[in-house]
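What follows is the residue order along each chain.
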Amino acid sequence: MQAISIEGGVTAAQGFLASGMYCGIRKNKSKPDLALIYSKVPCAAAAVYTQNLVKGAPIQVTRRNLADGIAQAVICNSGNANTCNADGEQKAQMMCEAAAKALHLEPEDVVVASTGVIGQVLPIEPILEATPKLAESLTEDGSADAAKAIMTTDTVVKEAAAEVTINGKTVRMGGIAKGSGMIHPNMATMLCFLTTDANIAPAVLDSALRIAVKDSFNMVSIDGDTSTNDMTAILANGLAENDPIEEGTEAFDLFTETLRAITIRLARMVAKDGEGATKLLVCKVTGAASDADARTVAKSVICSSLLKAAMFGADANWGRVLCAIGYSGAPVDIHRVDVGFASRAGSIEVCVNGAGIPFDEEVAKKVLSEDEIDILVTLHDGNASASAFGCDLTYDYVKINGDYRT
């Protein structure tokens, strides 16, 4: 049975509560800046992190806390990344201790995260003062509050949830994410917190998460910059009471596909909400010799600044697609490549066998003027496929990042 989408985000699964509030990290008091997610019972837990050698202090603390595969809460602040600070780990640990005290847990059972400006000292006092009130405000419908509290330059709340029947039991999972700029493969390229009431061991959960992230968050690029604080963490509390999910089983495949679907939905939201963006771009590669080749080509196309600029202008400059394929590093026979564009307004083929073909520029402009555009690449080298998610490059991206720190 396939999964179906449901409401609820990170609190859709049984036993999960969430909250968000303004504590004083941000200068703008109208934006919440502290989020909390809590499970009524201990959870199996797993996470993946940025591949940037410069890592935020919260990542170092979370890695230690998740060494035993167990967690029960997540605390996250926005407005300050707590990165490249001499006292960073100490303050990340203090955040864990504050959450643990308010929730009657052990500090090592808390996932901690931060997002915002790099290299500025994190003011810990507002967080410590607000955490008890944050814990008191936890609710079963608090997903949107938590999602708002982790946003930085995001313009929309990002949450998704689904339910699926596994071994005769209804299993729910959901998540929230933030990400708008400083986003590039690999790893999560943003913050994402996922929850599920499935009964699944930490090692199996870790395998499922890595499979899902490979096709979702690892296929997103906004601007070519991999953040220092990227993290995707998942908690599974077992309250669905399904038989334990084991790798190599139909139950594992079903669980993983549901998780993959949720993370792809969130990845699309992140890409569409790229800083200054007006369009979601999805490069769909088919006919590749291998999955690795398909991913490499799709990512190369979606990362091309020239292509992103052309999509902003609704210019069907297909040569930029072919150019990006050519320098991707994948062993592609460029003389067999077909390229097309598609959207709600229709579709148009612009290149066959590596060469341009006549097409109606007015029709192409209509197709490319929509807010979601598919870039269709057929390699004719095999049967593998992949999709990558990105956005157009606009004047507003420079405006946002010209004075981001100040």
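Residues numbered from 1 in each chain as written. Predicted model: local features only at pLDDT ≥ 70, side-chain atom pairs only at ≥ 80, totals over all residues. Heavy atoms only, no water.

Student: I would appreciate a short explanation of the pattern of salt bridges in the present structure.
Tutor: As a working rule, side chains carrying opposite charge can pair if their charged atoms are close by. Summed over all chains, the structure comprises 18 salt bridges. What you see here is one network of salt bridges that share partners, running through R268, K272, R344, E370, D371 and E372. (Salt bridge = Lys/Arg side-chain N within 4 Å of Asp/Glu carboxyl O.)

Student: Would you mind going over the packing of helix 5 (residues 202–215) against helix 6 (residues 250–272) with me for this structure?
Tutor: Each pair of packed helices can be summarised by the angle the axes make with each other and by the distance between the axes. Running from N to C, helix 5 and helix 6 cross one another at 45°; their axes reach a closest spacing of 8 Å. As the angle between them shows, helix 5 and helix 6 are arranged oblique. Seen along the crossing, helix 5 lies across helix 6 with a hand that is right-handed. Between helix 5 and helix 6, the residues in contact are V204, L205, S207, A208, L209, I211, A212 and D215 and F252, F255, T256, L259, R260, T263 and I264, respectively. Residue composition of the contact of helix 5 with helix 6, grouped by class: ten nonpolar, three polar and two charged. (Axes fitted to C-alpha atoms, helices over the stretch in contact; angles between N-to-C directions. Helix = DSSP H or I, 4+ residues; strand = E, 2+ residues; numbered from the N terminus. Parallel < 35°, antiparallel > 145°, perpendicular 65-115°, else oblique. Left-handed = near helix turned anticlockwise from the far one by under 90°. Contact = heavy atoms within 4.5 Å. Nonpolar A, V, L, I, M, F, W, Y, C, P; charged D, E, K, R; others polar.)

Student: I keep staring at the sheet that holds strand 13 (residues 355–356) and nothing clicks. Help me out?
Tutor: Within the open sheet, the six strands sit side by side as 13-12-11-14-10-15. Their pairing is mixed. Strands with a single pairing partner mark the edges of an open sheet, and in this sheet they are strand 13 and strand 15 (384–391). Set on the sheet, helix 7 (residues 291–303) makes contact with strand 10 (280–288), strand 14 (372–378) and strand 15; between it and strand 15 the angle comes to about 20°. (Pairing = 2+ DSSP bridges.)

Student: Sorry, what's going on with helix 8 (residues 305–312) here?
Tutor: Since one α-helical turn is 3.6 residues long, residues separated by three or four positions face the same way. Turning to helix 8, its buried residues are L307, K308, A310 and M311. When helix 8 is viewed along its axis, its buried side chains cluster within an angular range of 160° and face the same direction. A positive backbone phi angle near 55° is found at A314, which sits one or two residues after helix 8. (Buried < 20%, exposed > 50% of the residue type's maximum accessible area, 1.4 Å probe, protein only. Arc of directions from axis to C-beta.)

Student: What is the right way to read the nonpolar core from this model?
Tutor: Side chains that are nonpolar tend, in soluble globular proteins, to be buried together. Formed by 78 residues in total, the largest nonpolar core has its most connected members in F255, V301, V321, F341, I375 and V377. Of all the elements, helix 6 adds the most residues to this core, at ten residues. Ignoring any residue separated from it by four or fewer positions in sequence, one finds F341 in contact with M311, A316, W318, V321, G346, S347, I348, V350, V367, L368, D374 and I375. Formed by 27 residues, the second largest nonpolar core is a distinct cluster that contains I37, C43, F193 and L235. (Core = buried A, V, L, I, M, F, W, Y, C linked by side-chain atoms within 4.5 Å.)

Student: I tried to follow unusual backbone geometry on my own but got confused; where do I start?
Tutor: A positive phi angle, near 65°, is found at C84, a position not held by glycine. With respect to the element layout, C84 can be found in the loop between strand 4 (70–78) and helix 2 (88–103). For C84, a relative accessible area of 56% gives the class exposed.

Student: For this particular structure, what's the right way to read the pairing of strand 14?
Tutor: Consecutive side chains along a regular strand alternate between the two faces of the sheet. In terms of strand pairing, strand 10 meets strand 14 through seven bridges, oriented parallel. Each bridged residue has a counterpart across the sheet, and for L281 the counterpart in strand 14 is I373.

Student: In this structure, what is going on with the packing of helix 7 against helix 9 (residues 319–326)? I would like to understand it.
Tutor: One way to put it is that helix 7 packs onto helix 9 with a least axis distance of 8 Å and a crossing angle of 130°. When the axis of helix 7 is compared with that of helix 9, the two are oblique. In the packing of helix 7 onto helix 9, the handedness of the crossing is right-handed. When helix 7 is examined against helix 9, the residues V297, S300 and V301 are found in contact with a partner set consisting of V321, A324 and I325. The residue inventory of the contact of helix 7 with helix 9, partitioned by class, reads five nonpolar, one polar and no charged.

Student: How should I be thinking about the environment of T165 in this particular structure?
Tutor: Of note, T165 is situated in strand 6 (residues 158–166). Under the relative-accessibility criterion, T165 is labelled partly exposed at 29%.

Student: Hey, could you run me through the side chain of N82 in this one?
Tutor: As for its placement among the helices and strands, N82 is situated in the loop between strand 4 and helix 2. We classify N82 as buried; its relative accessible area is 1%. Of note is the side chain of N82, whose polar atom sits 3.5 Å from the side chain of N85. Not counting the four nearest positions on each side in its chain, N82 is found in contact with G56, A57, P58, G88, K91, A92, S114, V117 and L122. (Polar contact = N/O pair within 3.5 Å; in protein donor to acceptor, adjacent residues only side chain to side chain.)

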